[in-house]
Every structure is written in structure tokens, then in C-alpha cells.
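Secondary and tertiary structure notes
Chain residues, written in single-letter form:
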Amino acid sequence: MKYYVNANADKDGNGTAGSPFKRINEAAKLALPGDEVLVAPGIYREYVNPVHAGTEEARITYTSTTPLGAVITGAEQVKSWQPYKDNVWVCRISNSVFGDYNPYDTLVYGDWYFAAPNKHTGCVYLNDRALYETVTLEECLKGGVYECSWVPEESVYKWYTEQDGDETVIYGNFQGKNPNEENVEINVRRKCFMPSVTGIGYHTVSGFNINKAATNWAPPAAYQDGMIGPHWSKGWIIEDCEISNSRCAGISLGKYYDPDNDHYFTTKQVKSPTQMERDAVCRGQYHGWMKETVGSHIVRRCDIHHCEQGGIIGRMGAVFSVIEDNHIHHINNMMELGGAEIAGIKIHAAIDVLFQRNHIHHCTMGIWCDWEAQGTRITQNLLHDNQRPPFAKNLPGSMMSMDLFVEVSHGPTLIDNNILLSDASLRFATQGVAMVHNLICGALTDVGGGTSWRYTPYHIPHRTEVMGMMTFLHGDDRFYNNIFVQKWPSEDYVTYDDQDHSNDRRENRLVGTSVFDEYPTYGEWIAQFDFTQRPNMRTLESAHFGHLPVWSEGNVYLNGAQPWKHEEKGLVVEKGAKVELVEKEGQYSLETNIYDYLKDFKDRMIHTEILGKAFEPEAAFENADGTAIRFDTDYFGNHRGVDDVIPGPFAAGSGKIKL
């Protein structure tokens, strides 16, 4: 059955083509497996709460009949502003507008939130751009530049809020603009399109503009807010949408809600935050965390931008998903929020998740895979400018920037055919990683660190069932056929300890694999075990808790990048290499001379058997369906010839490469 929705219809109808509903949620109450909801262009100021699940064979589909023409927003327009003083105006909103969730009385806060909790989930927007919240009316009146912002020229637009009885009072510094003559909106609803209960699976949401919601902080052991998402279910497709201006997260692929584990550390404090994460994983089995019931979502071809926690997030609910062909940019650039959940994509337990052909830039972090990046594959992505601008001050409680962060996972995590152009390419607080055929212009950081005493789960291959838990030995990493270029200064970067500046430390910015010099080869590692003798647990304890081996072969090191001391068949060229990303009218290209230095340098074809298995889960670097991978296609999908395998993400190189 087809239901029709048109916000601009003369009157509310019955959902037929001749008499459409005026609100999408009216159709969402009725849609059953196989039904289609066709939404005409217009602004839909509502919360869409699907009631019925589709099936794998008969999905429930929501389509904007004009691409991006149907706008679902959590905001309301305000035209009742009154002049207050100088550039500042004031409005009063009855709290009855907000129901049981007032964004202007609710702070962004929760587990793993490190910045000062002084920002609300509400926000004010001037012509689709968020204003900066101040903690005092005086700051709002002053309208000065916010020193931590990545976009300082926008930070002079301010807002401030306070409660007055049963009214919310909002002040706005619009820098000389009359807000009643502009498009000024405020967050009212917490989300835009998400089931309120779990198990509402197999929905397709296609072609919508979804924006401006009062989402709250979404840590891994809590209900995870997002403007749109499947909650805790299976088989959603979110495609061809524009997702923007979430106070926290844009798309949430979710976690179950468990009141006994929700924001446990913030509310109870008596267990370590890492322990509550282990609890969350184990409690997930009770909440139906199985391949048959949760995950397997697709997010594709979406433009996701200007969200202040994350573009796409998920904890356990994202397993077996595909995230592809998205443009994710300008995430957390306001720098009002700070904590350990901020990135263009932040997924906990990215088991068998495929990240491919995404373009991610100007984010605090690009892709962050935290815990259980087992079977994860990151391939054919372009990441750049994911680094704090030199003019922006560090926000206390904010995270370091980089293209990729893989944290406290036992692998196998496969990173292949990517272009990584920021000053830090991969934060390596993990083990069991394979990097193959990448162009790497930034440093590998936190090697052997960042994990402290934590131990985390690993799983039955291609399943969610927990196989075991272990602390981190580090190593078990592989580097084949990559090109490393020292594009940025090689001097160490000073990282900040917000609570103790005497604990500030220096972080590596030297590009290459030399950061693994203290790690053994496989031969050195396996020599600790004498398989001709009966094993002795006590004497082998040092081997069981020592670093795991590293493999590195066929890599190219340019412009000062340094190889691992046991590099095999590598090429080192000290000076002269250049890599520049050029953008013109939205089209990107690489201008480079690196292929002048490669000349006839080649290496062998890499495949799953060469990479072996990640040590702890004893799982291969293979496809999610268990089939082997042969790295015979490049960044573009072009074929690599058997006799012509060159390092890097391109099957053939040139001086200018259109991306």
C-alpha cells in the first residue's frame, strides 16, 4: 500500500494521493511490511515514530519524492523576538511547547563527557547555522570570538538562556541582523525519525533533509541519541539524505536501553568506566545482541555535516553494517562540547562493519573504532583536514585529532586503499591491525600506549557471542605495500592533560613504521616457544605478556618517513616528495610527484593468507562472509595486474589524480 504525505496540502487527509496526510507520523502509525510512504516537498516540524517493523522481504519505505525536498526538523521558527540591548534580542517561550523534555533546561552531559557541562541540548540557528551558547548574559552581549572555535568568524553569533517560572527566556546576539526578518529557529524536539521502542526493523529512509534536534550526549553504555536511527533493531537503510545541525549526533545506529547500565559512571561512580563498558557488552546478550536480530544496517550517499558530537555513532547496534559513499564533514568544529565520543564516525563494536568510499574532512576525528573492531574493514576512503587549526586553542576536555583511531581492539582490523592526509593518520591504541596499499601522510601515534590496564572482549568470528577477554600486548600488526610521506612537520606534538599540566606529554609526528622498532619479528617472537618440550606456564609468562610480532614489507618511505628496522623489500627516499590535495568547485584531486620516485619499484600481490590471523581472536583478515580478500583492486576499483603491483592506493600513478 502507498501512503501520501504533503505538508502543503489544503487540509489533513486520509493518506491517499488525492487526500494526503499533512504529517509523516500519521503514515508511520499505519505503515506495514511492504508499504511505501511518499512525502512531498515541504517542512515537517514533527517527530516521526514508526510503530510497525518491516521484514527483509517486505521493507517499509519512506521516500522524499523530490530529493532533499522533504525536510524533517526538530526545530521551530521563532518570530517573536524583541530588542534587548545593542545587537541582542530576547524571546520568551512557554515551557508547555517542550512537553516533558525542555532542551533549555537540559545540559549536554553523561559518561565520557570531559568538558565543562555548561551547554544545553537546545540551540539557536540563524539561517541554518548554529549560534554559540554563552554561560552568562554578559558574554552574549559582548559577542566576542570564541578562541577554541575552528570557525572563529562564526563564533561571534551568540545565544544565552535562563528559566523564568514557566517560561524559557532566550537571548540572541545576531550581530546587527533583525531575527524577525531572518530564518531563526530553536531546537524543540529531541529527535526527528527514530522508533521509541526496540525491534522496529527493516525501514528505508531515502532522500530527506533531516536537521536541528536537541539530541543529548551519546556514550557507549547509555541510550544513544541521534536525530535519525533504528534504535535497537535490524536492517535499516538510510540513503541519499542530508543530516545536519544535531546538537550532538546525526545518525545513531544505537544501543539497547538498560536503566541499570545507563550512564552508570555519571550516576553511580562506584565502578570504573571501563568496567561498565564490559558490563554493557555482556548485558547485551540479554538484550538480544545477536546477528539474527540486531545490526546489518546500510548508511549510504548521505551528506552529514555540522553536528557537534558525531556524524554517525553506534554501540553494538551497528554490527554487520555497511557505511559507504557518505560525505561527512565539519563535525565538532564549534568546539563547545568535549569528550571521548566525538568523531565523523564513532562506532563501538564495529564487528564486520564495512566503511568504504567515504569522504571525511574537517572533523575532530575522522573514523574512530572503539572496542571490538573485529572483522572491521576501512577501505577506499579519503580523509583530510581532520586536525585542529593552529589558530584554535585547545578546549579542556576535548580529544586529539586524527584521520583514524582504532582503540582497545584485538582485531582483525583491515585498513586498505585509503588516502590519509591529516598530520596524524592512525592512533594505534590497539593491536591486530593490517594496513595494506594506503597513502599515509601522517604519523602513527600512541603505539604501545593508550590502553593502560584495560582488557576488552573478542568474539566468535563473524558473530557477536563473546569468545574471551584480554588485556593488550600490542603488536600483531602488518604493513604491506603502503606509501608513507612526511607531509607535515616531524617534531613531536604536545598533548594536553586538562587536570595536570605537569603530565603533558609529547606525541609522535614522525611518519612511518619506525615507531615499531622495539617490536619483534615473527621469528624472534616464536623462538620463545620450544614445541619439543613440555610447556612450562611459569617460564612462559613473560612470552605470554610480551609484545606480539610485527610484519612490514614492500612499503615506500618518502621525504623523511622512516621504516621499521626489520622492513623487508622497502624503498626509502629522504627528500623531495610532495602530496597536495587540490579542491576546485567541489572536485578534489591529488597533485604529487611520488611516482617519480617509485619508478620500477614493485612488490607482490597481498591476500588473506599472507596476512594470517589476528592473534587473540584467531580470526583471519577476510570478508564478512568468510571469503578471502585478494588486494587486486585499488582506490577506484581498478584492477591491479599480477606483474605490476605498485605500493599505495592506485593501480597506476600519475602527477595529477582526480579523486
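Turning next to the layout of surface pockets. Put simply, the largest pocket is a space of about 1100 Å³. Contributing to the lining of the largest pocket are 38 residues, with F114, A340, S398, M399 and Y496 lying nearest its centre. For the lining of the largest pocket, the elements supplying multiple residues, two or more each, are helix 4 (273-286), strand 28 (365-370) and strand 31 (402-407). Per element, the largest residue contribution to the lining of the largest pocket is 3 residues, and it comes from helix 4. Looking at the lining of the largest pocket residue by residue, the classes come out as 15 nonpolar, 12 polar and 11 charged.

Our focus in this paragraph is the sheet that holds strand 7 (residues 82-85). In a beta sheet, neighbouring strands are held together by backbone hydrogen bonds and run either parallel or antiparallel to one another. Spatially, the 5 strands line up as an open sheet ordered 7-8-13-12-11, and their pairing is mixed. Single-partner strands in this sheet number two, and they are strand 7 and strand 11 (132-133).

A separate point is the nonpolar core. Nonpolar side chains in soluble globular proteins tend to be buried together. F208, I312, F355 and M435 are the most contacted members of the largest nonpolar core, which has 71 residues in total. Per element, the largest residue contribution to this core is 3 residues, and it comes from helix 1 (residues 24-28). In this structure F355 touches I323, I345, I347, A350, I367, C369, T376, R377, I378, T379 and N381, once residues within four positions along its chain are discounted. One finds L558, L571, V579 and Y635 within the second-largest nonpolar core, a separate group that totals 22 residues.

Before going further, it helps to spend a moment on the pairing of strand 15 (residues 203-206). With burial as the criterion, each face of strand 15 is covered, one bearing H203 and V205 and the other bearing T204 and S206. The pairing of strand 4 (residues 60-64) with strand 15 spans 4 bridges and is classified as parallel. Bridged to T61 within strand 15 is T204. Both strand 15 and strand 17 (residues 237-239) contribute to a ladder of 3 bridges, which runs parallel.

The residue N261 is located in the loop between strand 19 (249-252) and helix 3 (264-267) in this model. With near-sequence residues (within four places) excluded, N261 lies in contact with A221, K255, Y256, M276, D279, A280 and R283.

With the rule as written, the count across this model stands at 27 aromatic pairs. Between W112 and F114 the ring centres are 6.4 Å apart and the planes differ by 65 degrees, which places this aromatic pair in the edge-to-face class. Relative accessible area serves as the criterion here: at 44%, F114 is assigned to the partly exposed category. Consider the rings of F484 and Y557, whose centres lie 5.1 Å apart with planes at 5 degrees: the pair is stacked. Taken as a pair, F484 in strand 41 (residues 483-485) and Y557 in strand 45 (residues 556-558) lie far apart in primary sequence, 73 residues in all. For the pair F484 and Y557, one class covers both residues: buried.

Rules of the game
- Residues numbered from 1 in each chain as written.
- Predicted model: local features only at pLDDT ≥ 70, side-chain atom pairs only at ≥ 80, totals over all residues.
- Heavy atoms only, no water.
- 1 Å grid on protein atoms, 1.4 Å probe; cavity = no way out; pocket = protein on both sides within 12 Å on 5 of 7 lines; lining within 4 Å.
- Points joined across faces, edges and corners; volume = space filled by probe spheres on them.
- Helix = DSSP H or I, 4+ residues; strand = E, 2+ residues; numbered from the N terminus.
- Nonpolar A, V, L, I, M, F, W, Y, C, P; charged D, E, K, R; others polar.
- Pairing = 2+ DSSP bridges.
- Core = buried A, V, L, I, M, F, W, Y, C linked by side-chain atoms within 4.5 Å.
- Buried < 20%, exposed > 50% of the residue type's maximum accessible area, 1.4 Å probe, protein only.
- Contact = heavy atoms within 4.5 Å.
- Phe/Tyr/Trp six-rings, centres within 6.5 Å; stacked < 30°, edge-to-face > 60°.

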